[in-house]
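Each chain, letter by letter, is given below.
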Amino acid sequence: MIDLLALCAFNASYANAIDSEALEQWPAFFTEACTYRITNVENEKEGLPSGIVYADSRAMLEDRIAALREANIYERHRYRHLLGIPLVESARDDQAVARTPFLVARIMATGETMVFATGEYHDRFVMDGGKLLLAERVAVCDSTVTDTLMALPL
Amino acid sequence: MMEQTIQWKGPGLTRVPFAVYTDNQAAAQEQERIYRGETWNYLCLEADLPESGSFRTTFVGDTPVVVVKDDDGEIYAFENRCAHRGALIALEKSGKVDGFQCVYHAWSYNRQGDLTGVAFEAGVKGQGGMAKSFCKEDHGPRKLRVAVYCGLVFGSFSEDVPGIEDYLGPEICQRIERVLHKPVEVIGRFTQALPNNWKLYMENVKDSYHASLLHLFFTTFELNRLSQKGGLIVDESGGHHVSYSMTDPDAADESYKQQGIRSDDSKYRLKDPSVLAGFKEYDDGITLQILSVFPGFVLQQIQNCLAVRQVLPKGQERSELNWTYIGYTDDTPEQRKVRLKQQNLVGPAGFISMEDGAVGGFVQRGIAGAQGLEAIIEMGGDQAASSEGRATEASVRGFWKAYRHHMCA
């Protein structure tokens, strides 16, 4: 069975990939056909389907990282993810559904740190070739407001 | 009436004093002369108020406003401010109500913004209460004139502002009607807090010169090049504009290479191009139309991604950008999916728009200490007129034409 410790270890590694700026590793946490979306509590409550980021394939996530590296203009900054303990809704040998609270601080090139986002990941994990992967991760932000822009993934 | 504090050197539109983005007195004058002056301000979509009693709270400039539908099917708007002590009447962003009651002292209002009840108006056990001469009809929040055009709800504090269609003019009306020709529904809402003056965002929207220079994504995938077929409409007031273009593979010409511009990077390709796979929904072949209405409204068609944007000032050096993504009520599931995917192009994390969130802040920080200096807005000449080419700042000049008209009137 996929256990809590496995989910915690997965999340630690996921956060580390983003926070250590190893963004190229990030898409590999997802299955090839996956859902990744960033939204907020109000859209979720009203059942509105949009996302600030809306991806339905790992290739789209790879494209996003390529765009950040090669195309998009933004001031250098990094994140620090603090992830809570996953609240496991269901777990089997090959699949688990969990919710994990997150807090993401943004550290600007100027040295300033601010709370950039808090919220909850709504996740569906699967075992894929002996490896734990995300089939779906919806990052539901508590705030409806994004400061300036969201370049890096949550 | 306050004096104009910003010194505009000469009557031309090609120089903009940097002080307009920082001066506090100018900000106060904008509230009076623009937002509470002879302008129509976008409030919400008609689709946001589906039923009798549906309401939304919003702002006109910095003034809080309630918009609500009553049983007569009409939409009413009034200041979100209790006539008694000035507290907000409605605290939620949206909802459904029979009427409103201020939480502070329970003064109540109907959906048309009339004061209908004063708690303990006659006092308690013969003591206290309001004076007999107090007349509820004479007190209430200020009401706005409301105009609904193609499902867009606008409000004005002015009795003198022309009717909405005259305010917009025939060309802008036709271009709004082009997109909002059938019922829409909201598919998502997001807000961006911008670290800059509201005018810098509106200038950016009107600036067809920057689009394919700042946004590599646009250029590389042939979504928008200045060499594409398209054009720029600036209305007579200058305050409203439309920039439009058509995707055209033949437009991949040499003009960008010749400039040595960073955005001409032919190595850049998508692994999953489905983000760009759209469908044709307008007969005129236009794949991009950005439309603005003075002072702070934007209607967007980028491929099949449709949205309205509302720009609100939050002090001189902050602003708020409210995105409302829409689809048509008769979208097929496949069409809806396309719209959702193409939302990756715009918004706070948009491939072609995230830079717009940051670049205003670069200007705001850059102009610190630049009082007395001016920006140059001279690309494409000194006029604020429509043109076929888009390597021009004509609609930015148009914005300042309208701005100065309101501020100096």
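Up top you'll find the structure we're talking about.
Now for a quick tour of the structure.

Criteria and thresholds
Residues numbered from 1 in each chain as written. Chains lettered and ligands numbered in written order. Predicted model: local features only at pLDDT ≥ 70, side-chain atom pairs only at ≥ 80, totals over all residues. Heavy atoms only, no water. Helix = DSSP H or I, 4+ residues; strand = E, 2+ residues; numbered from the N terminus. Rg over C-alpha atoms; globule rule 2.2 N^0.38 Å. Contact = heavy atoms within 4.5 Å. Buried < 20%, exposed > 50% of the residue type's maximum accessible area, 1.4 Å probe, protein only. Lys, Arg positive; Asp, Glu negative; His and termini not counted. Charge placed at Lys NZ, Arg CZ, Asp CG, Glu CD. Axes fitted to C-alpha atoms, helices over the stretch in contact; angles between N-to-C directions. Parallel < 35°, antiparallel > 145°, perpendicular 65-115°, else oblique. Buried area = accessible area lost by both parts, 1.4 Å probe. Salt bridge = Lys/Arg side-chain N within 4 Å of Asp/Glu carboxyl O. Polar contact = N/O pair within 3.5 Å; in protein donor to acceptor, adjacent residues only side chain to side chain. Pairing = 2+ DSSP bridges. Nonpolar A, V, L, I, M, F, W, Y, C, P; charged D, E, K, R; others polar. Core = buried A, V, L, I, M, F, W, Y, C linked by side-chain atoms within 4.5 Å.

## Topic: the overall build of chain A
- When its secondary structure is counted, chain A shows three helices and eight strands.
- Its helices and strands taken in sequence order, chain A reads α-β-α-β-α-β-β-β-β-β-β from the N to the C terminus.
- A compact globule built from 154 residues should have a C-alpha radius of gyration of about 15 Å, and chain A, at 15 Å, falls within 12% of that.
- If you line up chain A on its principal axes, its C-alpha atoms span 45 × 30 × 25 Å.
- Contacts in chain A between residues at least 24 apart in sequence constitute 59% of all its contacts with a sequence separation of at least 6.

## Digging into the overall build of chain B
- Broken down by element type, chain B carries nine helices and 19 strands.
- A compact globule built from 409 residues would reach a C-alpha radius of gyration of about 22 Å, and chain B, at 23 Å, matches this within 12%.
- Among the 409 residues that make up chain B, the fraction classed as buried is 58%.
- Put simply, 65% of the contacts in chain B that link residues at least 6 apart link residues at least 24 apart.
- Charge-centre separation for chain B: the mean point of 43 positive side chains lies 5 Å from the mean point of 54 negative side chains.

## Examining helix α7 (residues 333-342) of chain B
- Residues R336(B), V338(B), R339(B), L340(B), K341(B) and Q342(B) constitute the buried set of α7(B).
- Residues of α7(B) that are buried make contact with β2 (53-55) and α3 (58-70) of chain A together with β12 (184-194), β16 (297-302), β17 (305-313) and β18 (319-328) of chain B.

## Some details on the packing of helix α3 (residues 198-206) of chain B against helix α9 (residues 394-408) of chain B
Residues and elements named next belong to chain B.
- It is the contact of α3 with α9, at a shortest axis distance of 8 Å, that shows an interaxial angle of 140 degrees. Put simply, α3 runs oblique to α9. On α9, the residues that touch W198, K199, M202, E203 and K206 of α3 are S395, V396, F399, W400 and Y403.

## A few points about the interface of chain A and chain B
- Taken together, the 37 residues of chain A in the interface contact 39 residues of chain B.
- A combined buried area of about 3300 Å² lies between chain A and chain B, and 52% of that area is made up of carbon and sulfur atoms.
- Looking only at chain A, the three residues that lose the most surface to chain B are Y54(A), I73(A) and T148(A), adding up to 18% of its buried area.
- At the junction of chain A and chain B, the tally comes to seven salt bridges.
- At the surface where chain A touches chain B, the tally comes to 28 residue pairs in polar contact (both at pLDDT 80 or more).
- Broken down by element, the side of chain A that touches chain B gets its largest block of residues, nine residues, from α3(A).
- As paired strands, strand β8 (residues 145-147) of chain A and β12(B) are joined by three bridges and run parallel to one another. Residue pairing for β12(B): V145(A) is matched across the bridge by T191(B).

## Quick look at the packing of helix α1 (residues 24-35) of chain B against α9(B)
All names here are of chain B.
- Taken N-terminus to C-terminus, the directions of α1 and α9 make an angle of 85 degrees; their axes are 9 Å apart at the nearest point. Here α1 lies roughly perpendicular to α9, going by the angle between them. Between α1 and α9, the residues in contact are A26, Q29, E30, R33 and I34 and Y403, H406 and M407, respectively.
- Classifying every residue of the contact of α1 with α9 by side-chain character gives four nonpolar, two polar and two charged.

## Focus on the sheet that holds strand β9 (residues 115-117) of chain B
Residue and element names in this part refer to chain B.
- If you walk across this open sheet you meet the three strands as β7-β8-β9, and the pairing is antiparallel. Where the open sheet ends on each side, the last strands, each with one partner, are β7 (100-101) and β9.
- One ladder, built from two bridges, connects β7 with strand β8 (residues 108-109); its direction is antiparallel. For F100, the partnering residue across the bridge sits in β8 and is Y109.

## Quick notes on the sheet that holds strand β4 (residues 63-69) of chain B
Residue and element names in this part refer to chain B.
- Strand order in the open sheet made by the seven strands is β2-β11-β10-β5-β4-β3-β6, with antiparallel pairing throughout. The sheet is open, and its two borders are formed by β2 (41-45) and β6 (94-96), each paired with just one other strand. Each strand of the sheet is rotated relative to its neighbour by a mean of 30 degrees, with strand direction disregarded.
- Helix-sheet contacts for helix α2 (residues 164-179) involve β10 (143-149) and β11 (152-156), and the interaxial angle to β10 is about 30 degrees.

## Overview of the nonpolar core
- Judged by nonpolar contacts, the single largest core of 134 residues is most densely connected at Y14(A), Y36(A), L154(A), I176(B) and W400(B).
- In this structure I176(B) touches Y149(B), C150(B), L152(B), L168(B), L291(B), V293(B) and L299(B), once residues within four positions along its chain are discounted.
- Counting 15 residues, the second largest nonpolar core, distinct from the first, contains V66(B), I89(B), F100(B) and Y109(B).

## A short note on the environment of L4(A)
All names here are of chain A.
- Following the sequence through the fold, L4 ends up in helix α1 (residues 4-19).
- Under the relative-accessibility criterion, L4 is labelled partly exposed at 38%.
- Each C-alpha atom, one on L4 and one on P86, is 7.1 Å from the other, the two residues being 82 residues apart in sequence.
- Aside from chain neighbours lying at most four places away, what touches L4 is I85, P86 and V88.

## Describing the pairing of strand β3 (residues 54-60) of chain B
Residue and element names in this part refer to chain B.
- The element β3 is largely enclosed, with a buried count of five among its seven residues.
- Pairing between β3 and β6: three bridges, direction antiparallel. Of the residues in β6, the one forming a bridge with R56 is S94.
- Pairing analysis gives six bridges linking β3 to β4, with the strands arranged antiparallel. When the bridges of β4 are listed, R56 appears paired with V67.
- Hairpin remark: β3 followed by β4, antiparallel, with two residues in the connecting loop; positive phi at G61, about 65 degrees.

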